[in-house]
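Topology and contacts: notes
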Amino acid sequence: MATGNAAMMSRVAQAMNARALAYAYAGLFGAVLLLILGVTIFGRAAPPAAGVDLQKAPHTRPARASAKPFLAQAPEKPQQLSPLPVPPPITRPIYAGRALIADPALIENTATGPLPRIADDGRKPLDAYAPVPAAKGPRIAIVIGGLGVSARATAAALDQLPAGVTLAFPPYLSDVRHWVSEARARGHEVLLQVPMEPYDYPDSDPGPRTLRVGAPEDANIERLNWAMTRFTGYAGITNLLGGRLLGDRNALEPVMNDVSRRGLMFFDSTSGSRSAAPEVAAQMKAPFVGSTVTIDSVQSPADIDERLSQLEDAARASGCAAGSGFVYPVTIARIRNWADGLSGRGFVLVPASAIVAGGK
């Protein structure tokens, strides 16, 4: 009996050891997989070789855009989200290099921070903070969102992207004003990304203080105004996700009205036919730009190059076109490569405000 019990215990121990070894291998495999995924999406991309033909971009297996909550896409631990310090009041003009990023005449100092407003002399933040393009020709604007979430990705974008690309920053990060100053000093137009409800909320969650369909109007305006106080120097706002809210006129109209009456433009990044934003903006005669193409819905060099070619076709046909994307390394690398030969093909890269509809 003792011999049988000993044999049984030996078999149990062997099974437990085997199970522990299996768990260890599974854990190691999972860690390696996560590391590879993180590097693939957010690792620093090597600059493309000079003179690379867009039509000869390497064909890689397409990576579809992440369905995770927006902040979960960051490669680093998200910075402090709440509570955030109240930005200081604006009492004098502030510049980043030669670029104006705050003017007391364009600011309403509030308990939550500086809100943009139209100056008493009629000047608008859109006019004051929008770079003026010098070149002529069919105009293409590209808005890249997600700046500031990852310091590494943001620094790479600022180093590689031409000044004509518009950069959009979400309101949540404690050092967002630093990054906005860096962007403006390098000649970029800046937009504020306002979190808005997507169709699959809360599976896709743009973050705290999201503007919601069905929320009271004053609640959405309070959330919008809170986002507007996080930093200054932006020419307008754009949506952070937001497909459902942009498709609901009743929820969108008060938001569009508040943006317009503060002298800002509205950039719709959804490239979707269900958005009511173009009609609402036209009805209000509000400054508006709609994205024609999402350039990196599939994160492969060949697909991004194809979307950029579509932007050229649209600009050639109508005189201007706008595209949108996210601060993925592959997106930044392909835009940089594409922009190098843009003027030679007869186009000019401009800030989004340069193709605004409804007037400034």
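Scoring rules and cut-offs
Residues numbered from 1 in each chain as written. Predicted model: local features only at pLDDT ≥ 70, side-chain atom pairs only at ≥ 80, totals over all residues. Heavy atoms only, no water. pLDDT = per-residue confidence, 0-100. Contact = heavy atoms within 4.5 Å. Buried < 20%, exposed > 50% of the residue type's maximum accessible area, 1.4 Å probe, protein only. Helix = DSSP H or I, 4+ residues; strand = E, 2+ residues; numbered from the N terminus. Arc of directions from axis to C-beta. Axes fitted to C-alpha atoms, helices over the stretch in contact; angles between N-to-C directions. Parallel < 35°, antiparallel > 145°, perpendicular 65-115°, else oblique. Nonpolar A, V, L, I, M, F, W, Y, C, P; charged D, E, K, R; others polar. 1 Å grid on protein atoms, 1.4 Å probe; cavity = no way out; pocket = protein on both sides within 12 Å on 5 of 7 lines; lining within 4 Å. Points joined across faces, edges and corners; volume = space filled by probe spheres on them. Left-handed = near helix turned anticlockwise from the far one by under 90°. Pairing = 2+ DSSP bridges. Right-handed = clockwise from strand over helix to strand, strands pointing away.

1. Quick look at the confidence of the model for the protein chain
Per-residue pLDDT for the protein chain averages 83, and the proportion of residues at 70 or more is 76%. The low-confidence segment residues 1-69 (pLDDT under 50) makes 56 contacts with residues lying over four places distant or belonging to another chain. Per-residue pLDDT stays below 50 along residues 72-82; that stretch engages in 24 contacts with residues further than four places along the chain or on separate chains.

2. Quick notes on unusual backbone geometry
Looking along the chain, the bond that leaves Tyr201 and enters Pro202 is cis, with omega of 5°. The backbone phi angle of Arg209 is positive, close to 60°, even though this residue is not glycine. Take Arg209: its relative accessible area is 34%, and that puts it in the partly exposed class. Despite not being glycine, Lys285 has its phi angle at roughly 55°, a positive value. Within the secondary structure, Lys285 is located in the loop between α8 (277-284) and β10 (288-290).

3. Quick notes on α8
Along α8, the residues classified as buried are Ala277, Val280 and Ala281. Angular distribution of buried residues about the axis of α8 spans 95°; they occupy a single face of the element. Residues of α8 that are exposed and angled more than 90 degrees away from the buried face: Glu279, Ala282 and Gln283. Those residues of α8 that are buried are in contact with α6 (243-246), α7 (249-261), β9 (265-268) and β10. Among the residues trailing α8, Lys285 stands out with phi positive, at a value near 55°.

4. Quick notes on the packing of helix α3 (residues 151-160) against helix α10 (residues 329-340)
The interhelical angle for the contact between α3 and α10, taken along N-to-C directions, is 5°, at an axis separation of 10 Å. Relative to α10, the element α3 lies roughly parallel. Between α3, through Ala156, Ala157 and Gln160, and α10, the contact on the second element is made entirely by Ile332, Ala333 and Arg336. Taken together, the residues that form the contact of α3 with α10 break down as four nonpolar, one polar and one charged.

5. Focus: empty space enclosed by the protein
Tallied over the full model, the rule gives four cavities of 30 Å³ or more. Here the second largest cavity defines a volume of roughly 60 Å³. As for the second largest cavity, its lining consists of 13 residues, and the residues nearest its centre are Ile107, Pro116, Thr232, Gly233 and Tyr234. At three residues, the largest contribution of residues to the lining of the second largest cavity is made by strand β4 (residues 113-116).

6. Details of the packing of α7 against α8
Where α7 meets α8, the closest approach of the two axes is 10 Å, and the angle between their N-to-C directions is 50°. It follows from the interaxial angle that α7 and α8 lie oblique. Remark: the crossing between α7 and α8 carries right-handed chirality. Of the residues in α8, those in contact with Arg249, Leu252, Glu253, Met256 and Asn257 of α7 are Ala277, Glu279, Val280, Ala281, Gln283 and Met284. A breakdown of the residues in the contact of α7 with α8 according to their chemical character gives six nonpolar, two polar and three charged.

7. With respect to the pairing of strand β5 (residues 139-145)
Extensive coverage of β5 is indicated by the burial of six of its seven residues. Alignment of β5 against strand β12 (residues 320-326), held across seven bridges, turns out to be parallel. Bridge pairing links Ile144 to Gly325 in β12. Sheet analysis places β5 next to strand β13 (residues 348-349), joined by two bridges and oriented parallel. Within the sheet, the bridge partner assigned to Ile140 lies in β13 and is Leu349. One ladder, built from two bridges, connects β5 with strand β6 (residues 166-169); its direction is parallel. Paired with Val143 across the two strands is Thr166, which belongs to β6. For the crossover from β5 across α3 to β6, the handedness is right-handed.

8. A look at helix α4 (residues 176-185)
Of all the residues in α4, the buried ones are Val176, Trp179, Val180, Ala183 and Arg184. Each buried residue of α4 sits inside an arc of 135° when the element is viewed along its axis, so together they form one side. Where α4 is buried, its residues meet β1 (94-96), β2 (99-102), α2 (125-128), α3, β6 and β7 (190-196). Remark: Gly187 follows α4 within two positions and exhibits a positive phi of approximately 95°.

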